[in-house]
Amino acid sequence: MKPTVISAEALFEAHRDSLRWEWIAGHAHPERRFDEVAVRDAQSAADLVGYLNYIHPYRVQIVGRREVRYLSDAVVEDQERRISRIVTLEPPVIVVADGQTPPEKLVAICGRAEIPLFVTQESAGHVIDVMRSHLAQHFAERLTRHGVFMDILGVGVLLTGESGLGKSELGLELISRGHGLVADDAVDLYRVSQTSIEGRCPPLLINLLEVRGIGLLDIKAIFGETAVRRKMRLRLIVHLVRKETMEREFERLPYEPLYEEVLGVKVRKAVIAVDAGRNLAVLVEAAVRNTVLQLRGIDTYKEFIERHRKAMEQGEK
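None of the values given here were measured: they were computed from a predicted structure. Residue numbering note: each chain is counted from 1, following its sequence as written. Reporting of local features is limited, given that this is a predicted model, to residues whose pLDDT is at least 70; pairs of side-chain atoms are given and counted only at 80 or more, and all residues count toward the totals for whole chains, interfaces and linings. Hydrogens and water are ignored here; the side-chain numbers use all heavy atoms of the structure.

Would you explain the packing of aromatic side chains in this entry?
The description of an aromatic ring pair uses the distance of the two centres, along with the angle that the planes make with each other. Whether two aromatic rings pair depends on their centres lying within 6.5 Å, for rings of Phe, Tyr and Trp, where Trp uses its six-membered ring; planes under 30 degrees apart make the pair stacked, over 60 edge-to-face, and the rest tilted. Taken as a whole and judged by the stated rule, the model has 6 aromatic pairs. Judged by centre distance (5.0 Å) and plane angle (55°), the rings of Phe12 and Phe118 are tilted. Of this pair, Phe12 sits in helix H1 (residues 8-14) while Phe118 sits in strand E5 (residues 117-119), and the two are 106 residues apart along the sequence. For the pair Phe12 and Phe118, one class covers both residues: buried. Only DSSP runs of H or I reaching four residues or more are called helices, and only runs of E reaching two or more are called strands; each is numbered from the N terminus. A simple rule labels every residue: compare its accessible area, found with a 1.4 Å probe on the protein chains alone, to the largest value its type can have, and call it buried under 20%, exposed over 50%, or partly exposed in between.

Any chance you could explain the pairing of strand E11 (residues 197-200) here in plain terms?
Along a regular strand, successive side chains alternate from one face of the sheet to the other. Of the two faces of E11, the one lined by Ile197 and Gly199 and the one lined by Glu198 and Arg200 are each fully buried. What makes two strands pair is DSSP finding at least two bridges between them. Where strand E10 (residues 186-191) lies against E11, 4 bridges are found, and the strand directions are antiparallel. Counted as the bridge partner of Asp188 is Arg200 from E11. Of the strand pairs in this sheet, E11 and strand E14 (residues 231-242) are connected by 3 bridges, and their pairing is antiparallel.

Can you walk me through the environment of Asn53 in this structure?
With respect to the secondary-structure elements, Asn53 resides in the loop between strand E2 (49-51) and strand E3 (60-63). Judged by relative accessible area, which is 21%, Asn53 ranks as partly exposed. Separated by 10 residues in sequence, Asn53 and Val63 place their C-alpha atoms 9.5 Å apart. Beyond its immediate stretch of four places on either side in the chain, Asn53 contacts Arg59, Gln61 and Leu89. Residues are treated as being in contact if the distance between any of their heavy atoms lies within 4.5 Å.

Any chance you could explain the environment of Leu52 here in plain terms?
Summarising the element assignment, Leu52 is placed in the loop between E2 and E3. Accessibility expressed as a relative area gives 15% for Leu52, which makes it buried. Sequence-distant contacts of Leu52, that is, excluding residues within four places in its chain, are made with Gln61, Ile62, Glu67, Leu71 and Ile86.

Just to check I follow, could you spell out helix H4 (residues 76-88) for this structure?
Turn by turn, an α-helix covers 3.6 residues, leaving residues three or four places apart pointing in a common direction. Here H4 contains 13 residues, and its C-alpha end-to-end distance of 19 Å stays within 8% of the 18 Å for a straight helix at 1.5 Å per residue. Within the span of H4, buried status applies to Gln79, Arg82, Ile83 and Ile86. The buried residues of H4 occupy an angular sector of 90° when projected down its axis, which confines them to one face. The exposed set on the far side of H4, more than 90 degrees from its buried face, consists of Glu77 and Thr88. Tucked inside the fold, the buried residues of H4 contact helix H3 (65-72), strand E4 (94-96) and helix H5 (104-113). Positive phi appears at Glu90, one or two residues downstream of H4, with a value of about 50°. A helix's residues, less one, multiplied by 1.5 Å, set its expected span. Think of the arc as the fan of directions from the helix axis to the C-beta atoms.

Okay, structure coming up:
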């Protein structure tokens, strides 16, 4: 589900420390929200934040050094007209950046129109980058998946499968081999761009891994800072199945790479059978290394088929 609202107050509090901004006007409507239609129609966060622009309404208007000069360096009538036009844009927030002092008429009109006006010493470009990143994550389509999400060899890997197959135990084994945990049991997945899915841990479960018979383990406390990650891009799904399921439903050597669609994005998938005596950690690492090769354009199976074809041609001669 994709959220469609965020208040000016929530935006201000989220970056009060990082952007060191002040709220100087428009306090009467702190819950002012982004226009839901504009959010739904936006192709990306870039559509929701930008420099002062009279063409694009309903977005955070950033007023930098040039924009302040444009609003100030004019005769009184033109200045009032330029500033008054901002109200027709219905911005959820106006941010004056670059350490500029907002024109008095802008402060006054924001107060009357109940438009939150923030002022910061940070550069306008930096404010835009921070706001776009924040809004991209906030408004991203999202879902929660059951599984263990890990950083394996720098690749975001989601371990899935039926309950009782030992996903958490496998995660613990991989952590002991130097890989990192993002989330256990529940993973929040966000579509942060047209082709990227980002996975994060729900706040309640951060750093925790549940192992049957032992209970909850604080991975950060046991293995140290390097054993946990805050977030990763999802690049591979490793699905664990029972041996009989593997034999019944999956090919031994699939001709084409497997994919699973997550939030409209195709993610590579590997299926591994769980059976006594198999070293699943080694198999998962091998699947990750193979995926990295495939992403680089190296397909071992196709190379084998080509080698086989050439061998047959030579045998016929």
